Amino acid sequence: MNPDHISFNTLFTKAPSCLTSARADVVRPAHVKLLDYEVELGLVMRRALTAPVTVAPDQLHEWLAGVTIVNDLSARDVQLPQAQFYKGKSYRGFGPAGPFLLLLNPAEWRRWPELRLRLQVNGQPRQDGYAGDMIFKPHQTLTELSALHDMQPGDLIATGTPAGCAARAPGKLVMWIMRHLLSDATKWRLFIGKGQRNPAYLQPSDVVTVSIRTDDGRLDLG
(Lines give C-alpha, C1' and ligand atoms only; values in the text may rest on other atoms or scores of the structure.)
Protein backbone atom coordinates (compact mmCIF):
# COMPACT_ATOMS: atom_id res chain seq x y z
CA MET A 1 0.00 0.00 0.00
CA ASN A 2 2.92 2.33 0.48
CA PRO A 3 5.60 2.11 -2.26
CA ASP A 4 7.87 5.11 -2.74
CA HIS A 5 7.49 7.84 -5.35
CA ILE A 6 3.84 7.23 -6.28
CA SER A 7 2.60 10.62 -7.50
CA PHE A 8 -0.83 9.72 -8.84
CA ASN A 9 -3.87 7.79 -7.70
CA THR A 10 -4.82 4.82 -9.89
CA LEU A 11 -8.62 4.90 -10.26
CA PHE A 12 -10.67 2.16 -11.86
CA THR A 13 -14.23 0.85 -11.81
CA LYS A 14 -15.79 -2.53 -11.17
CA ALA A 15 -19.18 -3.45 -12.59
CA PRO A 16 -21.94 -3.28 -9.93
CA SER A 17 -23.01 -6.75 -11.10
CA CYS A 18 -19.75 -8.19 -9.72
CA LEU A 19 -20.92 -7.54 -6.14
CA THR A 20 -21.85 -10.64 -4.19
CA SER A 21 -22.15 -11.94 -0.64
CA ALA A 22 -19.03 -12.23 1.48
CA ARG A 23 -19.81 -15.93 1.86
CA ALA A 24 -20.72 -16.69 -1.75
CA ASP A 25 -18.82 -19.17 -3.87
CA VAL A 26 -16.70 -17.53 -6.56
CA VAL A 27 -16.99 -18.94 -10.06
CA ARG A 28 -13.75 -18.56 -12.01
CA PRO A 29 -14.47 -18.16 -15.75
CA ALA A 30 -13.07 -21.07 -17.74
CA HIS A 31 -10.57 -18.91 -19.64
CA VAL A 32 -9.18 -17.27 -16.49
CA LYS A 33 -6.00 -18.90 -15.17
CA LEU A 34 -4.59 -16.25 -12.83
CA LEU A 35 -7.26 -15.38 -10.26
CA ASP A 36 -5.97 -13.04 -7.57
CA TYR A 37 -7.33 -11.59 -4.32
CA GLU A 38 -7.08 -8.14 -2.69
CA VAL A 39 -8.53 -7.28 0.72
CA GLU A 40 -9.66 -3.66 0.66
CA LEU A 41 -11.44 -1.24 2.97
CA GLY A 42 -14.76 -0.27 1.40
CA LEU A 43 -16.09 3.27 1.96
CA VAL A 44 -19.86 3.78 1.67
CA MET A 45 -21.18 7.22 0.74
CA ARG A 46 -23.48 9.03 3.20
CA ARG A 47 -24.65 11.86 0.94
CA ALA A 48 -24.55 12.90 -2.67
CA LEU A 49 -21.34 14.40 -4.00
CA THR A 50 -22.14 16.20 -7.25
CA ALA A 51 -19.51 18.92 -7.56
CA PRO A 52 -15.79 19.29 -6.91
CA VAL A 53 -15.03 19.62 -3.20
CA THR A 54 -11.97 19.51 -1.02
CA VAL A 55 -12.55 17.00 1.75
CA ALA A 56 -10.48 17.59 4.88
CA PRO A 57 -9.18 14.66 6.97
CA ASP A 58 -11.63 15.52 9.78
CA GLN A 59 -14.65 15.71 7.46
CA LEU A 60 -15.00 12.03 6.54
CA HIS A 61 -18.12 11.67 8.71
CA GLU A 62 -19.81 14.40 6.67
CA TRP A 63 -19.48 12.45 3.41
CA LEU A 64 -19.20 8.79 4.41
CA ALA A 65 -21.71 6.64 6.30
CA GLY A 66 -19.52 3.68 7.12
CA VAL A 67 -17.07 1.00 6.09
CA THR A 68 -17.21 -2.60 4.90
CA ILE A 69 -14.88 -5.33 3.64
CA VAL A 70 -14.26 -5.76 -0.08
CA ASN A 71 -12.31 -8.59 -1.74
CA ASP A 72 -11.26 -7.10 -5.08
CA LEU A 73 -10.86 -10.31 -7.09
CA SER A 74 -8.92 -9.89 -10.31
CA ALA A 75 -8.22 -11.97 -13.42
CA ARG A 76 -4.60 -10.91 -13.84
CA ASP A 77 -4.25 -12.68 -17.19
CA VAL A 78 -7.02 -10.41 -18.50
CA GLN A 79 -6.29 -7.21 -16.57
CA LEU A 80 -2.57 -6.91 -17.29
CA PRO A 81 -2.02 -8.23 -20.85
CA GLN A 82 -5.10 -6.42 -22.11
CA ALA A 83 -4.51 -3.33 -19.91
CA GLN A 84 -8.16 -3.48 -18.86
CA PHE A 85 -8.75 -3.09 -15.13
CA TYR A 86 -12.52 -2.95 -15.64
CA LYS A 87 -12.65 -6.17 -17.63
CA GLY A 88 -10.25 -8.09 -15.41
CA LYS A 89 -12.05 -7.08 -12.21
CA SER A 90 -15.71 -7.11 -13.21
CA TYR A 91 -16.70 -10.71 -13.86
CA ARG A 92 -19.81 -11.75 -11.96
CA GLY A 93 -18.91 -12.65 -8.40
CA PHE A 94 -15.57 -10.80 -8.44
CA GLY A 95 -16.70 -8.37 -5.73
CA PRO A 96 -17.46 -10.18 -2.45
CA ALA A 97 -18.41 -7.52 0.11
CA GLY A 98 -19.46 -7.51 3.75
CA PRO A 99 -20.65 -9.31 5.78
CA PHE A 100 -21.45 -6.05 7.61
CA LEU A 101 -21.73 -2.33 6.99
CA LEU A 102 -20.24 -0.66 10.06
CA LEU A 103 -21.68 2.82 10.55
CA LEU A 104 -19.18 5.16 12.20
CA ASN A 105 -19.61 8.29 14.31
CA PRO A 106 -17.14 11.20 14.00
CA ALA A 107 -14.88 9.88 16.77
CA GLU A 108 -14.79 6.43 15.21
CA TRP A 109 -13.94 7.86 11.79
CA ARG A 110 -10.76 9.28 13.30
CA ARG A 111 -9.66 5.69 13.99
CA TRP A 112 -9.78 4.49 10.38
CA PRO A 113 -5.94 4.33 10.11
CA GLU A 114 -5.96 1.74 12.94
CA LEU A 115 -8.05 -0.74 10.97
CA ARG A 116 -5.99 -3.85 10.25
CA LEU A 117 -6.64 -5.65 6.96
CA ARG A 118 -5.92 -9.39 6.88
CA LEU A 119 -6.48 -12.07 4.26
CA GLN A 120 -5.79 -15.78 4.45
CA VAL A 121 -6.08 -18.54 1.85
CA ASN A 122 -6.79 -21.97 3.32
CA GLY A 123 -5.64 -20.62 6.69
CA GLN A 124 -2.32 -19.35 5.31
CA PRO A 125 -1.70 -15.61 5.93
CA ARG A 126 -1.26 -13.74 2.67
CA GLN A 127 -2.01 -10.07 3.43
CA ASP A 128 -1.65 -8.11 6.67
CA GLY A 129 -1.46 -4.34 6.90
CA TYR A 130 -3.05 -1.24 8.39
CA ALA A 131 -5.38 1.10 6.55
CA GLY A 132 -3.19 4.01 7.62
CA ASP A 133 -0.46 2.70 5.30
CA MET A 134 -2.53 3.48 2.21
CA ILE A 135 -0.73 5.76 -0.25
CA PHE A 136 -3.83 7.91 -0.78
CA LYS A 137 -6.03 8.52 2.24
CA PRO A 138 -9.86 8.44 2.06
CA HIS A 139 -10.20 12.24 2.12
CA GLN A 140 -7.75 12.54 -0.79
CA THR A 141 -9.58 9.93 -2.84
CA LEU A 142 -12.95 11.60 -2.20
CA THR A 143 -11.52 14.96 -3.22
CA GLU A 144 -10.13 13.53 -6.46
CA LEU A 145 -13.26 11.56 -7.32
CA SER A 146 -15.47 14.61 -6.74
CA ALA A 147 -13.74 16.36 -9.63
CA LEU A 148 -14.57 13.47 -11.99
CA HIS A 149 -18.12 12.28 -11.50
CA ASP A 150 -21.15 12.27 -9.22
CA MET A 151 -21.52 9.90 -6.29
CA GLN A 152 -24.72 9.02 -4.49
CA PRO A 153 -25.64 7.73 -1.02
CA GLY A 154 -24.82 4.03 -0.81
CA ASP A 155 -22.12 4.10 -3.49
CA LEU A 156 -19.17 1.88 -2.61
CA ILE A 157 -15.53 2.93 -3.01
CA ALA A 158 -12.85 0.27 -2.56
CA THR A 159 -9.46 1.57 -1.43
CA GLY A 160 -5.90 0.22 -1.46
CA THR A 161 -4.67 -3.26 -0.56
CA PRO A 162 -1.66 -4.41 1.50
CA ALA A 163 1.26 -6.32 0.03
CA GLY A 164 0.86 -10.05 -0.44
CA CYS A 165 -1.22 -10.51 -3.60
CA ALA A 166 -0.34 -13.42 -5.86
CA ALA A 167 0.76 -11.09 -8.68
CA ARG A 168 4.37 -9.97 -8.37
CA ALA A 169 6.15 -7.20 -10.25
CA PRO A 170 9.23 -8.52 -12.13
CA GLY A 171 12.71 -7.27 -11.23
CA LYS A 172 14.38 -4.36 -13.01
CA LEU A 173 16.56 -6.59 -15.21
CA VAL A 174 13.62 -8.72 -16.27
CA MET A 175 11.61 -5.56 -16.99
CA TRP A 176 14.43 -4.21 -19.19
CA ILE A 177 14.66 -7.45 -21.16
CA MET A 178 10.91 -7.64 -21.60
CA ARG A 179 10.66 -4.03 -22.71
CA HIS A 180 13.56 -4.02 -25.17
CA LEU A 181 13.98 -7.58 -26.44
CA LEU A 182 10.54 -9.21 -26.46
CA SER A 183 7.37 -8.58 -28.42
CA ASP A 184 4.22 -7.88 -26.44
CA ALA A 185 2.76 -11.25 -27.42
CA THR A 186 5.86 -13.12 -26.22
CA LYS A 187 6.10 -11.02 -23.05
CA TRP A 188 2.56 -11.76 -21.94
CA ARG A 189 2.75 -15.42 -22.93
CA LEU A 190 5.75 -15.78 -20.62
CA PHE A 191 3.94 -13.82 -17.89
CA ILE A 192 0.91 -16.11 -17.99
CA GLY A 193 3.06 -19.23 -18.16
CA LYS A 194 5.05 -18.15 -15.11
CA GLY A 195 1.87 -17.21 -13.29
CA GLN A 196 0.41 -20.67 -13.81
CA ARG A 197 3.38 -22.05 -11.91
CA ASN A 198 2.76 -19.66 -9.01
CA PRO A 199 0.79 -21.54 -6.31
CA ALA A 200 -0.37 -18.28 -4.72
CA TYR A 201 -3.05 -17.74 -7.38
CA LEU A 202 -6.47 -19.02 -6.34
CA GLN A 203 -7.43 -22.56 -7.28
CA PRO A 204 -10.74 -24.50 -7.17
CA SER A 205 -11.84 -25.28 -3.58
CA ASP A 206 -9.57 -22.62 -2.03
CA VAL A 207 -11.15 -20.80 0.92
CA VAL A 208 -10.39 -17.09 1.31
CA THR A 209 -10.90 -15.61 4.78
CA VAL A 210 -10.83 -11.84 5.19
CA SER A 211 -11.09 -9.57 8.23
CA ILE A 212 -10.78 -5.86 9.00
CA ARG A 213 -10.72 -4.68 12.62
CA THR A 214 -8.79 -2.51 15.08
CA ASP A 215 -6.37 -4.39 17.31
CA ASP A 216 -8.51 -3.63 20.37
CA GLY A 217 -11.61 -5.05 18.63
CA ARG A 218 -13.66 -1.89 19.17
CA LEU A 219 -14.18 -1.53 15.42
CA ASP A 220 -14.79 -4.88 13.75
CA LEU A 221 -16.11 -5.28 10.21
CA GLY A 222 -16.55 -9.03 10.50
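See above for the structure.
These figures come from a predicted structure and were not determined experimentally. (Residues numbered from 1 in each chain as written. Predicted model: local features only at pLDDT ≥ 70, side-chain atom pairs only at ≥ 80, totals over all residues. Heavy atoms only, no water.)

What follows concerns the overall build of the protein. From N to C terminus, the protein includes seven helices and eleven strands. Burial statistics for the protein: of 222 residues in total, 39% are counted as buried. Taking the contacts inside the protein whose residues are at least 6 apart along the sequence as the reference set, 79% of them involve residues at least 24 apart. On the protein, roughly 12300 Å² of surface is accessible, and the fraction owed to carbon and sulfur atoms is 55%. (Helix = DSSP H or I, 4+ residues; strand = E, 2+ residues; numbered from the N terminus. Buried < 20%, exposed > 50% of the residue type's maximum accessible area, 1.4 Å probe, protein only. Contact = heavy atoms within 4.5 Å. Areas by Shrake-Rupley, 256 points an atom, 1.4 Å probe, with all protein chains shown as cover.)

Take the layout of surface pockets next. Empty space left among the atoms is revealed by rolling a probe the size of a water molecule over them. The volume enclosed by the second largest pocket comes to roughly 650 Å³. Together, 24 residues line the second largest pocket, and Ala-24, Val-26, Asp-206, Val-207 and Val-208 are the ones closest to its centre. Secondary structure elements with two or more residues in the lining of the second largest pocket: strand S4 (64–71), strand S6 (95–97) and strand S11 (208–213). In terms of residue class, the lining of the second largest pocket is built from 14 nonpolar, six polar and four charged. (1 Å grid on protein atoms, 1.4 Å probe; cavity = no way out; pocket = protein on both sides within 12 Å on 5 of 7 lines; lining within 4 Å. Points joined across faces, edges and corners; volume = space filled by probe spheres on them. Nonpolar A, V, L, I, M, F, W, Y, C, P; charged D, E, K, R; others polar.)

Tracing the backbone shows Ser-211 in strand S11. The class of Ser-211 is buried, set by a relative accessible area of 13%.

A separate point is the pairing of strand S8 (residues 116–121). By the bridge criterion, six bridges tie S8 to strand S9 (residues 124–130) in an arrangement that is antiparallel. Bridging across to S9, Leu-119 finds its partner in Gln-127. When S8 meets S11, the two strands line up antiparallel, connected through six bridges. Within S11, the residue paired with Gln-120 across the bridge is Thr-209. (Pairing = 2+ DSSP bridges.)

Once that is clear, we can look at the pairing of S4. With respect to burial, S4 is a largely interior element, eight of its eight residues being buried. For strand S3 (residues 39–45) and S4, the ladder comprises seven bridges, and the chain directions are antiparallel. From the neighbouring strand, Leu-41 faces S4, where its bridge partner is Ile-69. Here two bridges tie S4 to strand S7 (residues 102–103), and the two strands are oriented antiparallel to one another. Paired with Gly-66 across the two strands is Leu-103, which belongs to S7.

Under the defined criterion, the tally for this structure stands at two aromatic pairs. Positioned above the aromatic ring of Trp-63, the side-chain terminus of Arg-47 is 3.9 Å from the ring centre. (Phe/Tyr/Trp six-rings, centres within 6.5 Å; stacked < 30°, edge-to-face > 60°. Lys NZ or Arg CZ within 6 Å of the ring centre and 35° of its normal.)

What follows deals with the environment of Ala-56. Position of Ala-56 among the secondary structure elements: in the loop between S3 and helix H1 (60–63). Since its relative accessible area comes to 23%, Ala-56 is described here as partly exposed. Spatially, the C-alpha atom of Ala-56 lies 6.0 Å from that of His-139, the residues being 83 residues apart in sequence.

Glancing now at helix H5 (residues 138–146). Those residues of H5 not exposed but buried are Pro-138, His-139, Thr-141, Leu-142, Leu-145 and Ser-146. Looking straight down H5, one finds its buried side chains confined to an arc of 160 degrees; they lie on one side. Elements that come into contact with the buried residues of H5 comprise S3, H1, S4 and strand S10 (156–158). (Arc of directions from axis to C-beta.)

What the three strands build is an open sheet, ordered S9-S8-S11; its pairing is antiparallel. At either end of the open sheet lies a strand with only one pairing partner, and these are S9 and S11. Strand after strand, the sheet turns through a mean of 10 degrees between neighbouring axes, direction not considered. (Axes fitted to C-alpha atoms, helices over the stretch in contact; angles between N-to-C directions.)

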